[in-house]
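Geometric and topological summary
Listed below are the residues making up each chain.
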2 protein chains.
Amino acid sequence: MPPTLAVSTVILGIREGVEGGPDKLCLPLVRRIRQPHAGLWALPGGPVGARESLGQAAGRTLAETTGLRPNYLEQLYTFGDIDRSPTHRLVTIAYFALMHVDQVGATVRDENVAWFDIDDPQIARMAFDHRQIVDYALWRLRNKTEYGQIAHRLLGERFTLAALRGVYEAILGRRLDPANFRRTLNSTASIEATDEYQAGGKHRPPRLYRYVGHGPDPLQVDPLQVEPPQG
Amino acid sequence: MPPTLAVSTVILGIREGVEGGPDKLCLPLVRRIRQPHAGLWALPGGPVGARESLGQAAGRTLAETTGLRPNYLEQLYTFGDIDRSPTHRLVTIAYFALMHVDQVGATVRDENVAWFDIDDPQIARMAFDHRQIVDYALWRLRNKTEYGQIAHRLLGERFTLAALRGVYEAILGRRLDPANFRRTLNSTASIEATDEYQAGGKHRPPRLYRYVGHGPDPLQVDPLQVEPPQG
DNA sequence: CCGCGTTAGAGTCATTCTGACATTAACTAC
DNA sequence: GTAGTTAATGTCAGAATGACTCTAACGCGG
């Protein structure tokens with residue numbers, strides 16, 4: 001019997017911190033209703049179809065199980081140890097996705113789908129080796145050399161520097177000096193100031209910025225990044 | 001028909017430069033004797049067995065086709081586009097290996113196995129999408145944040161700073177200042193000076209150094225690095 | 001209307017890091 | 001011994017970084 005080929009996706013979003021606390025990373029999980037590991041929470045995913053690429057399979061299974069359509073999808077790692085599933089040989093290609101902040105929580109209404117904070121004790125154990133996959137995704141995210149585009153995928157089209165700094169702080173797990181953060185971003189040229197300001201706050205309105213991909217830099221992104229299916 | 005699951009490995013070694021020129025990266029390839037792509041050079045590899053992990057499959061197929069047993073093996077990427085093989089659906093997990101410099105050239109005596117310089121025009125085209133895989137391996141190598149252990153895998157147990165600098169120069173593709181190179185390495189603490197010197201040269205004998213893995217640093221290595229089979 | 005609290009945004013300063021270059025040490029070849 | 005070559009150390013200026021201060025612009029409560 002040939003091994004089963006499947007995809008699983010770690011989707012990360014940002015949840016705003018409460019009471020001035022730091023922002024938090026969170027992710028949606030699916031409760032398993034079949035054996036093995038029935039009842040445990042698992043990463044969304046499913047088998048790879050015969051007529052779709054691996055990235056397409058990741059996007060499709062993600063939409064089917066959670067209703068989410070992230071705008072960033074990157075291959076993470078392929079897990080193929082013999083005993084990772086108790087019933088059969090299972091090879092899983094894990095993907096890594098990021099969501100806009102305004103879509104966090106906009107999941108299908110289903111009691112078997114839920115968002116968890118990354119450090120929620122409920123998901124200290126997960127189905128299969130999925131906890132290991134999540135930890136690896138976090139390790140990869142924290143070791144990214146280029147956060148610019150990652151951050152703007154977690155936020156919307158326009159964002160304040162404070163929001164962007166919140167993303168960095170959530171990823172890195174420590175507070176950053178606002179002044180120095182501003183200085184470094186101003187020198188990267190991948191973040192551009194707009195002439196708009198965010199109104200409605202109680203204090204001085206912050207300027208809105210937007211991300212501009214830096215044109216002819218072939219090694220900017222993982223060159224094999226896979227786009228999710230459209231529509 | 002389920003997809004065929006295979007592994008392929010990009011093995012990189014260092015070849016000393018001629019006439020004071022820079023060192024060069026090179027890799028062994030296998031000539032295909034069957035269709036499709038018969039006659040073209042390809043990465044060593046083969047199908048994944050039912051009772052072996054993916055890393056074990058990479059090590060096994062590598063030894064079988066080339067006789068090489070590298071001491072560093074890291075998963076690279078999984079290629080699964082529908083049309084990457086003209087005859088059937090083929091999903092390949094690509095691995096990345098490094099060889100000691102004294103083993104470069106110590107390949108099985110076979111006219112269908114040969115080492116090529118990384119920029120050899122003979123391998124501008126390769127079987128399947130293997131050229132793309134090689135380019136991706138090079139991109140990953142050049143973007144490594146931590147060269148220390150990578151470099152010492154390409155060299156032997158003990159090495160001179162000049163040899164280590166040659167590795168860095170071959171990977172990065174540019175010359176480095178010897179004095180500054182020495183300074184930075186002295187401050188990393190992962191390279192340790194021995195009290196031995198390399199004799200036999202025509203000039204002042206250089207001190208030998210060795211790599212010391214830095215104990216309790218859990219994120220030092222890719223946590224999912226797979227060890228090749230022993231023996 | 002006016003001060004106050006809060007956050008946005010600009011600026012300062014000392015320390016560290018980096019690249020470029022100069023200098024001395026130790027060997028071989030002749 | 002002298003020349004030639006590489007190893008190893010030292011110096012210095014400019015860039016990058018972290019900690020901190022200072023001013024600007026808003027809402028709010030009197």
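Now for a quick tour of the structure. (Residues numbered from 1 in each chain as written. Chains lettered and ligands numbered in written order. Predicted model: local features only at pLDDT ≥ 70, side-chain atom pairs only at ≥ 80, totals over all residues. Heavy atoms only, no water.)

Assignment of secondary structure puts A:G80 in the loop between β5 (72-79) and β6 (90-98). When its relative accessible area of 5% is taken as the criterion, A:G80 is described as buried. A C-alpha to C-alpha distance of 20 Å links A:G80 and A:R125, two positions 45 residues apart in sequence. Residue contacts for A:G80: discarding those within four places in its chain leaves A:R89, A:L90, A:V91, B:S53 and B:L54. (Helix = DSSP H or I, 4+ residues; strand = E, 2+ residues; numbered from the N terminus. Buried < 20%, exposed > 50% of the residue type's maximum accessible area, 1.4 Å probe, protein only. Contact = heavy atoms within 4.5 Å.)

Before going further, it helps to spend a moment on the pattern of salt bridges. All chains considered together, the criterion is met by 22 salt bridges over all chains. Put simply, A:R84 and A:D129 hold a salt bridge, and the shortest N to O gap is 2.8 Å. Separated by 45 residues along the polypeptide, A:R84 in the loop between β5 and β6 and A:D129 in the loop between β7 (113-117) and α2 (130-142) bring together distant segments of the chain. Exposure remark for A:R84: the relative accessible area of 7% places this residue in the buried category. For A:D129, a relative accessible area of 14% gives the class buried. With its nearest N and O atoms 2.6 Å apart, the salt bridge here joins B:R60 to B:E52. One salt-bridge network, in which partners are shared between bridges, spans A:E52, A:R60 and A:E64. (Salt bridge = Lys/Arg side-chain N within 4 Å of Asp/Glu carboxyl O.)

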